[in-house]
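Chain and residue survey
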Amino acid sequence: MDTNRICNFNAGPAVLPEPVLKEIQEGFLDFQGCCMSIVEISHRSELFDGVINDAVARTKRLLNIGDDYHVLFLQGGASLQFAMIPMNFLADGRSADYVNTGTWSTKAIKEAKIQNKAHNVVASSEDRNFAYIPKDIRFNPDATYAHITSNNTIKGTQWTGFPDTGGAPLVADMSSDFMSRPIDMSKFGMIYAGAQKNIGPAGVCMVVIRDDMLKLIPDGLPTMLDYRTHVEKNSMFNTPPCFSIYSVQLVLKWIEETVGGLDEMDKLNRKKADLLYGFMDESSFYKPTADTDSRSLMNVTFRLPSEDLEKKFVADAATNGLGGLKGHRSVGGCRASIYNAATYQDVEKLVDFMKVFEKNNG
Ligand SMILES: *Cc1c(COP(=O)(O)O)cnc(C)c1O
């Protein structure tokens, strides 16, 4: 690793695999011998078609899905999906279930509310500040979809398995754990993920949508807000965020070819999380905030004995080459985001630092 690069525990935008950054750098002035940069070529060119089609093909292979799913690259972030989902799938007479597991779920629910779309919040973990994932949820079997947030970036919780809805297809915000583990896609009508947490730079949101979901869409939506537009045009109804899509393509290639697929990715992510949680479970100085059975493998949230110590911890860590450990401003505390591209060595360095800090301040 270049000596001036830190161990990056930012929550998003976040660390990317160093080989991918190098590949971007090396090809930046002359993309595949075309004597132009990836940011200078037409999105209608054969070269860019190659990029986006390869990204789609890799996504389908990694998720083990066929042509009954469409892979889209959209703008507006996961936040626009919060609004598009009820807009597209909740025509008159339809209703959706939502599970509220934190800040992002709350925002998703708000967008259904704003549009006066029928919806039920069938479970929430708000009673304990979202420190857990609700269990034994009674879903409405006739719900058009059941919306969950697979990983709660701010509260540090994650669904370990996915709930049985009794019929309704799951729609999941996977922004902060997309491509971190294998998933059984047959349960999902749609998943979406802002790229900037786990699979690329900001500027693109990936959507994987099952073909039958498109039949729910009413006519009369604004063109850009209708999923069918983007399915029909292979995400190129208008100019797509070419550079972000290209970067995602390289990250997907890295997951497939260097890491060895999602089973291997999952193993590595578990190993990193086990090291960090395992250390904290032995310590009385650091306290993880999430219930043990709901802990996120991606965003490890924890507290120290006082806010002053937390401040010092974040500052001292930064001077030791460990960045991004401050908790989200809405919850305080500390958070180590250990996404796909964070290495085991990064987490080892963090744990070593935590030991020393505890010894000096505990
Ligand atoms: C960051 C994040 C979002 C917001 O994503 P944008 O792309 O900024 O709109 C939504 N959901 C989750 C789970 C996130 O982590």
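Residues numbered from 1 in each chain as written. Predicted model: local features only at pLDDT ≥ 70, side-chain atom pairs only at ≥ 80, totals over all residues. Heavy atoms only, no water.

1. As for the packing of helix α3 (residues 77–89) against helix α4 (residues 103–114)
Relative to each other, α3 and α4 sit at 40°, their axes nearing to 8 Å. Compared by their axis directions, α3 and α4 come out oblique. When you trace α3 past α4, the crossing you get is right-handed. Packed against α3, whose contacting residues are F82, A83 and P86, the element α4 presents W104, K107, A108, E111 and A112 at the interface. Residues that form the contact of α3 with α4 fall into these classes: six nonpolar, no polar and two charged. (Axes fitted to C-alpha atoms, helices over the stretch in contact; angles between N-to-C directions. Helix = DSSP H or I, 4+ residues; strand = E, 2+ residues; numbered from the N terminus. Parallel < 35°, antiparallel > 145°, perpendicular 65-115°, else oblique. Left-handed = near helix turned anticlockwise from the far one by under 90°. Contact = heavy atoms within 4.5 Å. Nonpolar A, V, L, I, M, F, W, Y, C, P; charged D, E, K, R; others polar.)

2. So, the side chain of S150
By the secondary structure assignment, S150 is in the loop between β5 (146–149) and β6 (151–152). Reaching out from S150, the side chain makes a polar contact with the side chain of D177 at a distance of 2.6 Å. Apart from the residues lying within four places of it in its own chain, the contact partners of S150 are Q158, W159, F162, D173, M174, D177 and R181. (Polar contact = N/O pair within 3.5 Å; in protein donor to acceptor, adjacent residues only side chain to side chain.)

3. Quick look at the site of the ligand
Taken together, 13 residues form the shell around the ligand, and within it S79, T153, D173, Q196 and K197 come nearest. Within the side chain of S79, one N or O atom sits 2.6 Å away from an oxygen atom of the ligand. Within the side chain of K197, one N or O atom sits 2.5 Å away from an oxygen atom of the ligand. Starting from 390 Å² of accessible surface for the ligand in isolation, the protein chains cover 87%. The dominant element in the shell around the ligand, judged by the number of residues it contributes, is α3, at four residues. Taken together, the residues of the shell around the ligand break down into three nonpolar, eight polar and two charged. (Near = heavy atom within 4 Å. Areas by Shrake-Rupley, 256 points an atom, 1.4 Å probe, with all protein chains shown as cover.)

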